[in-house]
Amino acid sequence: MRETVLVIDDDEKITSMLRRGLAFEGYGVRTARNGAEGLEAIRQEEPDVIVLDIMMPGVDGWEVCRRLREAGSRVPVLMLTAKDEVSDRVRGLDAGADDYLVKPFALEELLARVRALLRRSAVPRADEAALDRRLVFEDLTLDPDTREAVRGGRSIELTAKEYELLHFFLSNPRRVLSRDVLMDKIWGYDYSGESNVLEVYVAMLRNKLEEAGEKRLIQTVRGAGYVLRGDKG
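Criteria and thresholds
- Residues numbered from 1 in each chain as written.
- Predicted model: local features only at pLDDT ≥ 70, side-chain atom pairs only at ≥ 80, totals over all residues.
- Heavy atoms only, no water.
- Buried < 20%, exposed > 50% of the residue type's maximum accessible area, 1.4 Å probe, protein only.
- Helix = DSSP H or I, 4+ residues; strand = E, 2+ residues; numbered from the N terminus.
- Arc of directions from axis to C-beta.
- Contact = heavy atoms within 4.5 Å.
- Polar contact = N/O pair within 3.5 Å; in protein donor to acceptor, adjacent residues only side chain to side chain.
- pLDDT = per-residue confidence, 0-100.
- Salt bridge = Lys/Arg side-chain N within 4 Å of Asp/Glu carboxyl O.
- Pairing = 2+ DSSP bridges.
- Axes fitted to C-alpha atoms, helices over the stretch in contact; angles between N-to-C directions.
- Phe/Tyr/Trp six-rings, centres within 6.5 Å; stacked < 30°, edge-to-face > 60°.
- Lys NZ or Arg CZ within 6 Å of the ring centre and 35° of its normal.
- Core = buried A, V, L, I, M, F, W, Y, C linked by side-chain atoms within 4.5 Å.

Enquirer: Would you take a moment to explain helix α2 (residues 35-44) for this structure?
Expert: Given 3.6 residues per turn, any residue in an α-helix points the same way as the ones three and four places further on. For α2, the complete set of buried residues consists of G35, G38, L39, A41 and I42. The arc that holds the buried residues of α2, viewed along the axis, is 160°, so those residues lie on one side. Exposed side of α2, more than 90 degrees from the buried face: R43 and Q44 are the residues found there. Elements in contact with the buried residues of α2: β1 (4-8), β2 (28-32), β3 (49-53) and α3 (61-70). For α2, the capping residue at the N-terminal end is N34, with a side-chain oxygen 3.3 Å from the backbone nitrogen of A36.

In structure tokens:
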């Protein structure tokens, strides 16, 4: 069965272009003209990946993503934003989006990101049965079965990508992880040089892990990458 992509966007030109491009690549394509219509389409049949515009009348992309995650859906979401603003990207990622793409974009890049999201979403399902024990580092615990993080007795709510990133750090404690390794393992492909999605996610994770004043665990290693260790950062 071919994979399906749901495009939620009120721009008819973009929707038409994506419908043709995705169909040419062999995907089943469904479209919705606004957030409310998109949510209804998802309720009827959940797609394999969602391409979601932020700025739409009524129910916007942020609200669509938030409702999906609150309902427990893990379907990958690629969010489209008209502005290359850090605040917009952070808000989208914090709502549960897995990736973002700034308009205008090249169709080839969107297709690459869709392929990467589909590859990444297949890994947790295939390995879920094997993840039968908690990952622990100092006072931080991550339970792969419930996808719950706890630090010092404090529960930490994670988005899908935050979970994947933290899981990878906890699976490789005290190992310096380069940007290329992290991008490949979490996103499955190389971003353009100006993209700072990894830095945004690391900052978001740090904020959540250190919200109660705890010491820093995810350290920056200048010129090398990041490392999970307990020394003072």
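Moving on, there is more to tell.
Enquirer: Would you explain the confidence of the model for the protein in this entry?
Expert: Interpretation of this model should avoid reading the predicted coordinates in detail wherever pLDDT is low. A residue-level look at the protein finds 89% of positions with pLDDT of 70 or above and a mean pLDDT of 85. Counting interchain partners and residues more than four positions distant, the pLDDT-below-50 stretch residues 190-194 has four contacts.

Enquirer: Looking at this structure, how should I read the pattern of salt bridges?
Expert: Pairing is possible between side chains that carry opposite charge, provided their charged atoms lie close to one another. Inspection of every chain in the model, using the stated rule, returns 19 salt bridges. The partner of E37 in a salt bridge is R33, with the nearest N and O atoms 3.3 Å apart. Note on E37: relative accessible area 27%, which makes it partly exposed. Overall, the relative accessible area of 60% leaves R33 in the exposed class. D53 serves as the salt-bridge partner of K103, at 3.0 Å between the closest nitrogen and oxygen.

Enquirer: Got a minute to help me understand the sheet that holds strand β4 (residues 77-81) in this structure?
Expert: If you walk across this open sheet you meet the five strands as β2-β1-β3-β4-β5, and the pairing is parallel. Looking at strand neighbours, the two that pair on one side only are β2 and β5 (99-102), the edges of this open sheet. Averaged over all pairs of adjacent strands, the angle between strand axes in this sheet comes to 20°, irrespective of strand direction. Bridge analysis of β4 against β5 gives four bridges, and the strand direction is parallel.

Enquirer: Before we go on, may I ask you to explain the sheet that holds strand β7 (residues 140-143) in this structure?
Expert: Strands pair in a sheet through their backbones, by hydrogen bonds, and they do so in one of two ways: parallel or antiparallel. Spatial ordering of the open sheet is given by β6-β7-β8-β9, a layout of four strands whose pairing is antiparallel. Taken across any chain shown, the strands that pair with only one partner, and hence form the sheet edges, are β6 (135-137) and β9 (154-156). The average undirected angle you get between the axes of adjacent strands in this sheet is 20°. In the sheet, β7 pairs with strand β8 (residues 148-151) via four bridges, with the strands oriented antiparallel. Across the sheet, the residue bridging to D143 is E148, located in β8.

Enquirer: So what exactly am I meant to see when it comes to the pairing of strand β11 (residues 225-228) here?
Expert: Side-chain positions along a regular strand alternate between the two faces of the sheet. Bridge analysis of strand β10 (residues 218-221) against β11 gives four bridges, and the strand direction is antiparallel. When the bridges of β11 are listed, I218 appears paired with L228. Linking β10 back to β11 in an antiparallel pair, the connection comprises three residues, with G223 at a positive phi of about 75°.

Enquirer: Please explain the packing of aromatic side chains as it appears in this structure.
Expert: For any pair of aromatic rings, the description consists of the separation of the ring centres together with the inter-plane angle of the planes. On inspection of all chains with the given rule, the structure shows zero aromatic pairs. Lying across the ring of Y163, R147 places its NZ or CZ 3.9 Å from the centre.

Enquirer: Just checking my understanding: could you explain unusual backbone geometry for this structure?
Expert: Here K103 and P104 are connected by a cis peptide whose omega angle stands at -5°. Mapping P104 onto the fold places it in the loop between β5 and α5 (107-127). The phi dihedral of R147 is positive, around 60°, even though this residue is not glycine. Mapped onto the elements of the fold, R147 is located in the loop between β7 and β8. Here R174, not a glycine, exhibits a phi torsion of approximately 65°, which is positive.

Enquirer: Explain the nonpolar core to me, please; I cannot follow it from the model alone.
Expert: In globular proteins that are soluble, nonpolar side chains generally tend to be buried together. Core analysis: the largest hydrophobic core is formed by 32 residues, its most contacted members being L165 and L166. If you list the elements that add at least two residues to this core, you get β6, β7, α6 (160-171), α7 (179-186), α8 (197-209) and β11. If you look at the next biggest cluster of nonpolar residues, it comprises 20 residues, including L6, L39, V59 and M79.

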